[in-house]
Amino acid sequence: MSIARRTMTKKAALVPARHVIWFGWKLVIILSVSLCVFALCRLHFKSDVSSSASSFYRPRSRISRRSFQFAGPPKIAFLFLVRKDLPLDFLWGSFFENADVENFLIFIHSAPGFEFDKTTTRSHFFYGRQLKNSIQVVWGESSMIEAERLLLSAALEDPANQRFVLLSDSCVPLYNFSYIYSYLMASPRSFVDSFVDTKEERYNQKMSPIIRKQKWRKGSQWITLVRSHAKVIVDDEVIFPVFQKHCKRAIPPDASKGKLNAKQKEQNNCIPDEHYVQTLLSVRNIMAELEGELERRTLTYTVWNQSATKMESKGWHPITFAYANAGRQNIREIKDINHVYYESEYRTEWCRTNSTSVSCFLFARKFSRGAAVRLLSEGVVGPFDASALLATSN
């Protein structure tokens, strides 16, 4: 074979080899790009799922999440949720008179536009302490918990506020300021009355899957929080909208409607303020074990009217303390309570602070003006001159 023919044969053999190599490289490049795209898509998907599943675990409020250093002692934020004015301001004025002003701050959610000044309150401690962004609150609606969130948000602006006590306009302190301050600061836990609600009438199936039935909780509205739990409530953008949409008070039966009452009975009778904080901290438990950080009891004592007649017609309602049943012996009986029994969980909550047995309650409701006068005259919260009160009232 000639040299020219051998050369041509060799070149012809090399051409297919080059094509195979080039095709192999193209295949490698295409596969590499595809894998990169797949990996990026998967990461993006995981990020979206994680974001959706834990959106209310991330801070979303306007409050900075930096570690603030504050001068002076930690403070208690007293959060008053009131209809309009504070009818027992004279008692609370005496209570705060015996406190160091560096140890507390007062915040009031009242009717929009109502101001606390010399003409509307007898105590200077409440001057100008109302929220400027208050809303109209209706009992049994989500506006109640919205007002609580506004109070917490305002109090969180001061980094020195480390305990947050929610109070009504009929609440009274059962001890002096020094005792209450020491009691709260000695415990690293929040005090949230929380128990499993076994009744079908409150939970709405439409809340699932965001709020599952096994995470549904009930308890007293009157809570005391540490700062980290107060932030959780203010930052929540997932559970609160569910309550707004699906937790509503049922319309009372109307005898004139006859058969239409059957449909009304099928409604869920959900009272938001008795479920929201308890359920939020229970749902949050998925990632943060927040229920384990709670004393699952309230610090505010209430006597409930549980008579069968009342239950059948109007349901349970708190009994109001009058002058006659607000004496030393009545208060002593409340102070002597050292445990609470939760029937739905067969659970006894013994009242302790850092393993030390303590009285369960620091506050009580609902107290009339006459009952508050008796508390003061008998020196429950501090020295008091009843004649001065009568003079101001006249």
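Residues numbered from 1 in each chain as written. Predicted model: local features only at pLDDT ≥ 70, side-chain atom pairs only at ≥ 80, totals over all residues. Heavy atoms only, no water.

1. Here we look at the overall build of the chain
Thinking step 1. When helices and strands are counted, the chain shows 13 helices and 17 strands.
Thinking step 2. Out of the 394 residues in the chain, the part that is buried amounts to 45%.
Thinking step 3. Summarising the internal contacts of the chain: among those between residues at least 6 apart in sequence, 76% fall at separations of at least 24.
Thinking step 4. Surface accessibility of the chain: about 21,700 Å² in total, with carbon and sulfur atoms responsible for 56%. (Helix = DSSP H or I, 4+ residues; strand = E, 2+ residues; numbered from the N terminus. Buried < 20%, exposed > 50% of the residue type's maximum accessible area, 1.4 Å probe, protein only. Contact = heavy atoms within 4.5 Å. Areas by Shrake-Rupley, 256 points an atom, 1.4 Å probe, with all protein chains shown as cover.)

2. Let's talk about the pairing of strand S2 (residues 104-109)
Thinking step 1. Buried residues dominate S2, accounting for six of its six residues.
Thinking step 2. Residues Phe104, Ile106 and Ile108 of S2 are buried on one face, and the alternating residues Leu105, Phe107 and His109, pointing to the opposite face, are buried as well.
Thinking step 3. Sheet analysis places strand S1 (residues 75-81) next to S2, joined by six bridges and oriented parallel. Of the residues in S2, the one forming a bridge with leucine 81 is histidine 109.
Thinking step 4. Note on the crossover from S1 through helix H2 (residues 89-97) to S2: the handedness is right-handed. (Pairing = 2+ DSSP bridges. Right-handed = clockwise from strand over helix to strand, strands pointing away.)

3. Focus: the environment of valine 340
Thinking step 1. Structurally, the position occupied by valine 340 is in strand S13 (residues 339-342).
Thinking step 2. A sequence separation of 43 residues divides valine 340 from arginine 297, and the C-alpha atoms of the two residues are 7.7 Å apart.
Thinking step 3. Here valine 340 is in contact with Arg347, Thr348, Glu349, Cys360 and Phe361, once residues within four sequence places are set aside.

4. Let's talk about the pattern of salt bridges
Thinking step 1. One pass over the structure, following the stated rule, counts eleven salt bridges.
Thinking step 2. Across the pair aspartate 89 and arginine 122 runs a salt bridge, and its minimum N-O distance is 2.9 Å. Remark: arginine 122 occurs in the loop between S2 and helix H3 (143-156) and aspartate 89 occurs in helix H2; sequence separation between them is 33 residues.
Thinking step 3. Accessibility expressed as a relative area gives 35% for arginine 122, which makes it partly exposed.
Thinking step 4. A salt bridge links aspartate 336 to arginine 332, with the shortest nitrogen-to-oxygen separation between them at 3.5 Å. (Salt bridge = Lys/Arg side-chain N within 4 Å of Asp/Glu carboxyl O.)

5. Some remarks on the packing of aromatic side chains
Thinking step 1. This structure, assessed with the given rule, holds 29 aromatic pairs.
Thinking step 2. Summarising the aromatic geometry, the rings of tryptophan 92 and phenylalanine 95 are spaced 5.3 Å apart at their centres and angled 80° between planes, so their arrangement reads as edge-to-face. Within this pair, tryptophan 92 and its partner phenylalanine 95 are both found in helix H2, separated by three residues, close to a single helical turn. Taken as a pair, tryptophan 92 and phenylalanine 95 share a single burial class, namely buried.
Thinking step 3. Among the aromatic residues, those joined into a cluster by ring pairs are Phe78, Phe80, Trp92, Phe95, Phe96, Phe104, Phe125, Phe126, Phe177, Tyr181 and Phe363.
Thinking step 4. The ring centre of tyrosine 175 lies 4.4 Å from the NZ or CZ of lysine 335, which sits over that ring.
Thinking step 5. The positively charged end of arginine 374 is found above the aromatic ring belonging to tyrosine 323, 5.1 Å away from the centroid. (Phe/Tyr/Trp six-rings, centres within 6.5 Å; stacked < 30°, edge-to-face > 60°. Lys NZ or Arg CZ within 6 Å of the ring centre and 35° of its normal.)

6. Re the sheet that holds strand S10 (residues 300-302)
By way of backbone hydrogen bonds, the strands of a sheet pair with one another, either parallel or antiparallel.
Thinking step 1. Within the open sheet, the three strands sit side by side as S4-S17-S10. Their pairing is mixed. One side of each edge strand has no neighbouring strand; the edge strands of this open sheet are strand S4 (172-173) and S10.
Thinking step 2. Judged from the three bridges that link them, S10 and strand S17 (residues 363-365) form a sheet pairing that is parallel. Looking across to S17, one finds that threonine 302 is bridged to arginine 365.

7. Description of the packing of H3 against helix H6 (residues 239-246)
Thinking step 1. Put simply, H3 and H6 touch, their axes get as near as 10 Å, and they point 155° apart. If you check the angle between H3 and H6, you find them roughly antiparallel. Contact residues: H3 offers Ile145, Glu146 and Arg149, while H6 offers Phe240, Phe243 and Gln244.
Thinking step 2. Residue composition of the contact of H3 with H6, by class: three nonpolar, one polar and two charged. (Axes fitted to C-alpha atoms, helices over the stretch in contact; angles between N-to-C directions. Parallel < 35°, antiparallel > 145°, perpendicular 65-115°, else oblique. Nonpolar A, V, L, I, M, F, W, Y, C, P; charged D, E, K, R; others polar.)

8. A look at unusual backbone geometry
Thinking step 1. The peptide bond linking serine 208 to proline 209 adopts the cis configuration, its omega dihedral lying at 10°.
Thinking step 2. Even without being glycine, tyrosine 346 reaches a positive phi, approximately 50°.
Thinking step 3. Residue position: tyrosine 346 is located in the loop between S13 and strand S14 (347-350).

9. Some remarks on the state of the cysteines
Chemically, a disulfide is nothing more than a covalent bond linking the sulfur atoms of two cysteines.
Thinking step 1. Here the structure, examined in full by the defined rule, presents two disulfides.
Thinking step 2. Note that cysteine 247 is cross-linked by a disulfide to cysteine 270, the S-S spacing being 1.9 Å. Note on the cysteine 247 and cysteine 270 pair: the S-S dihedral is about -80°, so by sign convention the disulfide is left-handed. Of this pair, cysteine 247 sits in the loop between H6 and helix H7 (260-265) while cysteine 270 sits in the loop between H7 and helix H8 (276-283), placing them 23 residues apart in sequence. Across the pair, exposure class does not vary: cysteine 247 and cysteine 270 are buried alike.
Thinking step 3. Listing the disulfide partners of the chain by sequence rank of the bonded cysteines yields 1-2, 3-4. (Disulfide = S-S within 2.5 Å.)

10. Details of the confidence of the model for the chain
Thinking step 1. Per-residue confidence for the chain averages 80 on the pLDDT scale, and 70% of its residues sit at or above 70.
Thinking step 2. In the predicted structure, residues 1-15 sits below a pLDDT of 50 and forms one contact with residues beyond four places in sequence or in another chain.
Thinking step 3. For the stretch residues 384-394, pLDDT sits under 50, and the model shows eleven contacts to residues farther than four places along the chain or on other chains. (pLDDT = per-residue confidence, 0-100.)

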